Amino acid sequence: LEQAIGGVNLEARPAAVPAHGAGAVRQLTAHFNAMLERLETSSRERRTMLAGIAHDLRRPLTRLRLRLGLAAGGPMAATDLAAAEADLQALERITSQFLLFAGARQPEPAVNVPLDALLAEVAAVADANTLQLDTPPLQRRVRPGALSRAIGNLLDNALTHGTAPVRLVLRGIGAEGFEIQLWDEGAGIPADRWAQALQPFQRLDPARGGEGHCGLGLAIADRVAREHGGALRRLEDQGGSGDPRRFGVALQGRSLGAGDAAEEQRAEG
């Protein structure tokens, strides 16, 4: 075990150590092996993220360079100016998602928030004829910025890839828990590909990437759910006679107390 610990560095890591010996040694070995797994996951995500940055930023940057080159001969046309603005918004969204996933932002304190009001604010960007709200009053102690971004990602996915109407549902679970569901009538994500969809930088259909989408929406929502002591679940409703089939995603969590700091750090790891 001592030799294995000495072999851990940024470039290489030893193999997992077989657990044997006294109980305390076996426990320490289990923690060491879990650390190796977390380091490997972090390293893999870092490599994937660096490759993703190069891939996802290349297209809008190339278009901007072309438009700026064409504009050298005179003022840009209104359509070109609008297209350049759209490219800048795509770059801003991609960069924001990368920074959020990489944890480059400061930790956010948990505060008591009326979740119904928070969801109404997130849903304000959608057309009222497209999005239906079922959000009774409910107050929980959460990280509002992180939760808003997670639900915003789920809503964006439903509006972009799903089929209207989209339904946003809020439910309380016990005294401290909550569940936020997003339903639509699209095909959704197959059950056998759900685990893959939760991995960062995964686009199940590359043709549906869209501008400013980098395959991090579900991964970020899953991380935020785990930070709130919950999980991101796949939902499916086959519908009754004459009713449409529906696909849904549920973000479960609970109120965060002062004693949750260690648990949140483990979830982030």
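To be clear, the structure that these remarks concern was listed above.
Residues numbered from 1 in each chain as written. Predicted model: local features only at pLDDT ≥ 70, side-chain atom pairs only at ≥ 80, totals over all residues. Heavy atoms only, no water.

Q: Can you tell me about the environment of alanine 221, naming the residues and giving the values?
A: Mapping alanine 221 onto the fold places it in helix H7 (residues 217-227). Put simply, alanine 221 and arginine 149 are 72 residues apart on the chain and 7.8 Å apart in space, counted from C-alpha to C-alpha. (Helix = DSSP H or I, 4+ residues; strand = E, 2+ residues; numbered from the N terminus.)

Q: Quick one: what's the story with the packing of aromatic side chains, residue by residue and with numbers?
A: Here the distance between the centres and the angle between the planes together describe a pair of aromatic rings. For the coordinates displayed, the defined rule picks out zero aromatic pairs. Seen from the ring of tryptophan 183, arginine 246 lies directly overhead, with NZ or CZ sitting 4.5 Å from the centre. (Phe/Tyr/Trp six-rings, centres within 6.5 Å; stacked < 30°, edge-to-face > 60°. Lys NZ or Arg CZ within 6 Å of the ring centre and 35° of its normal.)

Q: Which residues make up the pattern of salt bridges, and what values go with them?
A: Tallied over the full model, the rule gives seven salt bridges. Here arginine 233 and glutamate 179 are joined by a salt bridge, their closest N and O atoms 2.8 Å apart. Placement of arginine 233 in strand S6 (residues 232-237) and of glutamate 179 in strand S5 (residues 177-184) is noted, with a sequence separation of 54 residues between them. We classify glutamate 179 as buried; its relative accessible area is 7%. (Salt bridge = Lys/Arg side-chain N within 4 Å of Asp/Glu carboxyl O. Buried < 20%, exposed > 50% of the residue type's maximum accessible area, 1.4 Å probe, protein only.)

Q: Talk me through the sheet that holds strand S7 (residues 246-254); I want residue IDs and the actual numbers.
A: Taken in spatial order, the five strands make up an open sheet running S2-S4-S5-S7-S6, and their pairing is mixed. Each edge of the open sheet is held by one strand with a lone partner, namely strand S2 (131-134) and S6. In this sheet, adjacent strand axes meet at a mean angle of 20 degrees when their direction is disregarded. Of the strand pairs in this sheet, strand S4 (residues 166-173) and S5 are connected by seven bridges, and their pairing is antiparallel. Among the inter-strand pairings, valine 169 is bridged to a residue of S5, identified as glutamine 181. Sitting on the sheet, helix H4 (residues 115-123) is in contact with S2, S4 and S5, with an inclination near 165 degrees to S4. In the packing of helix H5 (residues 144-161) onto the sheet, the strands contacted are S2, S4, S5, S6 and S7, and the crossing angle to S5 comes to about 20 degrees. (Pairing = 2+ DSSP bridges. Axes fitted to C-alpha atoms, helices over the stretch in contact; angles between N-to-C directions. Contact = heavy atoms within 4.5 Å.)

Q: Any details on unusual backbone geometry? Residues and values, ideally.
A: It is generally the case that most residues other than glycine have a negative phi and that most peptide bonds are trans. Residues alanine 164 and proline 165 are joined by a peptide bond in cis, for which omega reads 0 degrees. Residue placement: proline 165 occurs in the loop between H5 and S4.

Q: Summarise the environment of glutamate 176; cite the residues concerned and give the values.
A: Mapping glutamate 176 onto the fold places it in the loop between S4 and S5. With relative accessibility at 44%, the residue glutamate 176 sits in the partly exposed group. Glutamate 176 has contacts with Arg140, Arg254 and Ser255, leaving out every residue within four places of it along the chain.

Q: I'd like a rundown of H7, residues and numbers included.
A: Within H7, 10 of the 11 residues are buried, which leaves it mostly tucked inside the rest of the structure. For H7, the complete set of buried residues consists of Gly217, Leu218, Ala219, Ile220, Ala221, Asp222, Arg223, Val224, Ala225 and Glu227. Positive backbone phi, at 70 degrees, marks glycine 229, one or two positions downstream of H7.

Q: An account of the packing of H4 against H5 is needed here, citing residue identities and associated values.
A: Packing of H4 against H5 leaves a shortest axis separation of 10 Å and a crossing angle of 50 degrees. Considering the angle they form, H4 stands oblique to H5. Two packed elements cross with a definite hand, and for H4 against H5 that hand is right-handed. Residues Leu115, Leu118, Leu119, Val122 and Ala123 of H4 touch H5, and the partners they reach there are Pro144, Leu147, Ser148, Ile151, Gly152 and Leu155. Considered class by class, the residues forming the contact of H4 with H5 number nine nonpolar, two polar and no charged. (Parallel < 35°, antiparallel > 145°, perpendicular 65-115°, else oblique. Left-handed = near helix turned anticlockwise from the far one by under 90°. Nonpolar A, V, L, I, M, F, W, Y, C, P; charged D, E, K, R; others polar.)

Function-wise, these values are silent; they only describe arrangement.
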